[in-house]
Amino acid sequence: MLILASQSPRRRELLALAGFKFTVRARPVAEVRAAGELPDDYVRRLAREKAHAAQHMNAQQPIDEQELVLGADTVVVLGERVLEKPVDADDAGLMLRALSGREHVVITGICFAGGDREIVDSESTRVHFVEWSDREIDEYVTTGEPMDKAGAYAIQGLASKFVDRIEGCYFNVMG
(Lines give C-alpha, C1' and ligand atoms only; values in the text may rest on other atoms or scores of the structure.)
Protein backbone atom coordinates (compact mmCIF):
# COMPACT_ATOMS: atom_id res chain seq x y z
CA MET A 1 0.00 0.00 0.00
CA LEU A 2 1.41 3.40 -1.02
CA ILE A 3 0.85 6.25 1.42
CA LEU A 4 1.37 9.85 0.29
CA ALA A 5 2.54 11.97 3.23
CA SER A 6 1.46 15.22 1.58
CA GLN A 7 -1.66 17.34 1.15
CA SER A 8 -0.35 18.71 -2.17
CA PRO A 9 -2.97 18.43 -4.91
CA ARG A 10 -0.15 18.47 -7.47
CA ARG A 11 1.55 15.44 -5.93
CA ARG A 12 -1.77 13.61 -5.79
CA GLU A 13 -2.36 14.45 -9.46
CA LEU A 14 1.11 13.28 -10.51
CA LEU A 15 0.76 9.94 -8.71
CA ALA A 16 -2.72 9.39 -10.13
CA LEU A 17 -1.55 10.25 -13.67
CA ALA A 18 1.26 7.72 -13.29
CA GLY A 19 -1.34 5.06 -12.40
CA PHE A 20 -0.50 4.61 -8.72
CA LYS A 21 -3.17 3.73 -6.19
CA PHE A 22 -2.48 5.47 -2.89
CA THR A 23 -3.91 6.88 0.28
CA VAL A 24 -3.12 10.34 1.64
CA ARG A 25 -1.93 10.42 5.23
CA ALA A 26 -0.23 13.68 6.06
CA ARG A 27 0.78 15.19 9.35
CA PRO A 28 2.10 18.72 9.78
CA VAL A 29 5.86 19.03 10.10
CA ALA A 30 7.64 22.25 11.08
CA GLU A 31 9.27 23.59 7.93
CA VAL A 32 12.15 25.55 9.44
CA ARG A 33 15.52 25.62 7.76
CA ALA A 34 18.44 25.29 10.15
CA ALA A 35 21.15 27.94 10.08
CA GLY A 36 23.66 27.04 7.40
CA GLU A 37 21.59 24.09 6.13
CA LEU A 38 22.05 23.65 2.39
CA PRO A 39 18.80 23.73 0.35
CA ASP A 40 19.29 20.15 -0.88
CA ASP A 41 19.87 18.89 2.68
CA TYR A 42 16.85 20.88 3.86
CA VAL A 43 14.36 19.35 1.39
CA ARG A 44 15.72 15.86 1.99
CA ARG A 45 15.35 16.31 5.75
CA LEU A 46 11.79 17.61 5.42
CA ALA A 47 10.83 14.78 3.08
CA ARG A 48 12.18 12.28 5.61
CA GLU A 49 10.39 13.98 8.53
CA LYS A 50 7.09 14.03 6.60
CA ALA A 51 7.39 10.35 5.69
CA HIS A 52 8.24 9.39 9.29
CA ALA A 53 5.39 11.51 10.68
CA ALA A 54 2.92 9.68 8.41
CA GLN A 55 4.48 6.33 9.28
CA HIS A 56 4.11 6.99 13.03
CA MET A 57 0.69 8.72 13.07
CA ASN A 58 -0.62 6.28 15.63
CA ALA A 59 2.12 5.74 18.18
CA GLN A 60 0.09 2.92 19.79
CA GLN A 61 0.32 0.76 16.66
CA PRO A 62 3.47 -0.76 15.19
CA ILE A 63 4.58 0.36 11.72
CA ASP A 64 2.78 -1.58 9.00
CA GLU A 65 5.54 -3.41 7.11
CA GLN A 66 3.32 -3.54 4.00
CA GLU A 67 3.12 0.24 3.70
CA LEU A 68 5.44 2.35 1.59
CA VAL A 69 5.26 6.00 2.62
CA LEU A 70 6.27 8.81 0.25
CA GLY A 71 7.25 12.14 1.78
CA ALA A 72 8.31 15.12 -0.34
CA ASP A 73 9.16 18.79 -0.09
CA THR A 74 10.02 21.43 -2.69
CA VAL A 75 11.86 24.75 -2.51
CA VAL A 76 12.92 27.34 -5.04
CA VAL A 77 16.49 28.60 -4.79
CA LEU A 78 17.51 31.97 -6.20
CA GLY A 79 21.22 32.46 -5.70
CA GLU A 80 21.70 31.87 -1.97
CA ARG A 81 18.07 32.61 -1.12
CA VAL A 82 15.55 29.80 -0.44
CA LEU A 83 11.99 30.65 -1.45
CA GLU A 84 9.29 28.53 0.12
CA LYS A 85 5.54 29.20 0.13
CA PRO A 86 4.68 32.89 0.45
CA VAL A 87 3.15 33.99 3.74
CA ASP A 88 0.83 36.50 2.05
CA ALA A 89 0.20 38.34 -1.24
CA ASP A 90 2.92 40.92 -0.58
CA ASP A 91 5.46 38.14 0.01
CA ALA A 92 4.33 36.42 -3.22
CA GLY A 93 4.84 39.67 -5.15
CA LEU A 94 8.32 40.12 -3.69
CA MET A 95 9.29 36.58 -4.66
CA LEU A 96 8.01 36.96 -8.21
CA ARG A 97 9.78 40.31 -8.66
CA ALA A 98 13.01 38.67 -7.51
CA LEU A 99 12.52 35.76 -9.97
CA SER A 100 11.52 37.94 -12.92
CA GLY A 101 14.02 37.71 -15.78
CA ARG A 102 16.26 35.35 -13.84
CA GLU A 103 17.20 31.72 -13.56
CA HIS A 104 16.47 29.77 -10.40
CA VAL A 105 16.63 26.17 -9.25
CA VAL A 106 13.71 24.08 -8.02
CA ILE A 107 14.74 21.28 -5.66
CA THR A 108 12.39 18.52 -4.54
CA GLY A 109 13.43 16.08 -1.84
CA ILE A 110 11.74 12.71 -1.53
CA CYS A 111 11.75 9.93 1.03
CA PHE A 112 10.33 6.46 0.54
CA ALA A 113 10.00 4.79 3.92
CA GLY A 114 8.90 1.21 4.42
CA GLY A 115 9.34 -0.70 7.63
CA ASP A 116 12.85 0.07 8.86
CA ARG A 117 14.22 0.95 5.40
CA GLU A 118 14.19 4.22 3.52
CA ILE A 119 15.46 5.88 0.37
CA VAL A 120 16.09 9.62 0.47
CA ASP A 121 16.94 11.55 -2.69
CA SER A 122 16.39 14.85 -4.45
CA GLU A 123 16.08 16.29 -7.93
CA SER A 124 16.99 19.75 -9.22
CA THR A 125 15.59 21.60 -12.23
CA ARG A 126 16.74 24.96 -13.57
CA VAL A 127 13.94 27.35 -14.57
CA HIS A 128 14.40 30.65 -16.41
CA PHE A 129 11.70 33.32 -16.36
CA VAL A 130 11.25 36.12 -18.85
CA GLU A 131 10.77 39.60 -17.39
CA TRP A 132 7.40 40.14 -15.71
CA SER A 133 5.95 43.64 -15.50
CA ASP A 134 4.72 44.87 -12.12
CA ARG A 135 1.18 44.75 -13.53
CA GLU A 136 1.59 41.12 -14.63
CA ILE A 137 2.91 40.17 -11.20
CA ASP A 138 0.09 41.98 -9.40
CA GLU A 139 -2.54 40.39 -11.65
CA TYR A 140 -1.05 36.94 -11.13
CA VAL A 141 -0.91 37.35 -7.35
CA THR A 142 -4.59 38.39 -7.28
CA THR A 143 -5.55 35.04 -8.84
CA GLY A 144 -4.48 33.34 -5.60
CA GLU A 145 -2.51 30.71 -7.53
CA PRO A 146 0.86 31.60 -5.97
CA MET A 147 -0.25 31.23 -2.38
CA ASP A 148 0.51 27.58 -1.65
CA LYS A 149 3.47 27.09 -3.93
CA ALA A 150 7.21 27.27 -3.35
CA GLY A 151 8.57 30.36 -5.09
CA ALA A 152 5.00 31.68 -5.46
CA TYR A 153 4.24 30.18 -8.87
CA ALA A 154 2.73 27.15 -10.57
CA ILE A 155 4.61 26.12 -13.72
CA GLN A 156 1.53 24.17 -14.85
CA GLY A 157 -0.73 27.15 -14.30
CA LEU A 158 -0.97 30.78 -15.29
CA ALA A 159 2.75 31.39 -14.67
CA SER A 160 3.66 29.00 -17.48
CA LYS A 161 3.62 31.85 -20.00
CA PHE A 162 6.55 33.46 -18.18
CA VAL A 163 8.80 30.39 -18.34
CA ASP A 164 11.43 30.87 -21.02
CA ARG A 165 13.06 27.46 -20.61
CA ILE A 166 13.80 24.68 -18.15
CA GLU A 167 16.75 22.33 -17.78
CA GLY A 168 15.65 19.15 -16.10
CA CYS A 169 12.34 17.58 -15.17
CA TYR A 170 9.15 19.57 -15.63
CA PHE A 171 7.29 17.35 -13.14
CA ASN A 172 9.90 18.15 -10.49
CA VAL A 173 8.87 21.81 -10.76
CA MET A 174 5.17 20.93 -10.82
CA GLY A 175 5.28 19.03 -7.58
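Refer to the structure above for everything that follows.
Only a predicted model underlies this, so the values are computations on that prediction, with no experimental measurement involved. (Residues numbered from 1 in each chain as written. Predicted model: local features only at pLDDT ≥ 70, side-chain atom pairs only at ≥ 80, totals over all residues. Heavy atoms only, no water.)

**Notes on the overall build of the chain**
Thinking step 1. When its secondary structure is counted, the chain shows five helices and seven strands.
Thinking step 2. Secondary structure elements in the chain, listed N-terminal to C-terminal, are β-α-β-α-β-β-α-β-β-α-β-α.
Thinking step 3. Relative to the globule expectation of 16 Å for 175 residues, the C-alpha radius of gyration of the chain, 17 Å, shows essentially globular dimensions.
Thinking step 4. When burial is assessed residue by residue, the chain has 46% of its 175 residues classed as buried.
Thinking step 5. For the chain, long-range pairs separated by at least 24 residues make up 64% of all intrachain contacts whose partners lie at least 6 apart in sequence.
Thinking step 6. One finds the centroid of the 21 positive side-chain charges in the chain at a distance of 2 Å from the centroid of its 29 negative side-chain charges. (Helix = DSSP H or I, 4+ residues; strand = E, 2+ residues; numbered from the N terminus. Rg over C-alpha atoms; globule rule 2.2 N^0.38 Å. Buried < 20%, exposed > 50% of the residue type's maximum accessible area, 1.4 Å probe, protein only. Contact = heavy atoms within 4.5 Å. Lys, Arg positive; Asp, Glu negative; His and termini not counted. Charge placed at Lys NZ, Arg CZ, Asp CG, Glu CD.)

**Notes on the packing of helix 3 (residues 89-99) against helix 4 (residues 134-142)**
Thinking step 1. At a minimum axis separation of 10 Å, helix 3 and helix 4 run at an interaxial angle of 140°. If you check the angle between helix 3 and helix 4, you find them oblique. Between helix 3 and helix 4 lies a crossing whose hand is right-handed. Counted together, Ala89, Ala92, Gly93, Leu96 and Arg97 of helix 3 and Asp134, Ile137, Asp138, Tyr140 and Val141 of helix 4 form the full contact between these two elements.
Thinking step 2. When grouped by side-chain class, the residues that make up the contact of helix 3 with helix 4 number six nonpolar, one polar and three charged. (Axes fitted to C-alpha atoms, helices over the stretch in contact; angles between N-to-C directions. Parallel < 35°, antiparallel > 145°, perpendicular 65-115°, else oblique. Left-handed = near helix turned anticlockwise from the far one by under 90°. Nonpolar A, V, L, I, M, F, W, Y, C, P; charged D, E, K, R; others polar.)

**Regarding the side chain of Ser8**
Thinking step 1. Tracing the chain through its elements places Ser8 in the loop between strand 1 (2-4) and helix 1 (9-17).
Thinking step 2. Using a relative accessible area of 10% as the deciding quantity, one classes Ser8 as buried.
Thinking step 3. Within the structure, the side chain of Ser8 is placed 3.1 Å from the backbone nitrogen of Arg11, a separation counted as a polar contact. (Polar contact = N/O pair within 3.5 Å; in protein donor to acceptor, adjacent residues only side chain to side chain.)

**A look at the state of the cysteines**
Thinking step 1. Counted by the stated rule, this structure contains zero disulfides.
Thinking step 2. Cys111 takes part in no disulfide bond, and the closest cysteine sulfur to it belongs to Cys169, at a distance of 19 Å.
Thinking step 3. Given a relative accessible area of 0%, Cys111 falls into the buried group.
Thinking step 4. Of the residues examined, Cys169 reaches a relative accessible area of 32% and is grouped as partly exposed. (Disulfide = S-S within 2.5 Å.)

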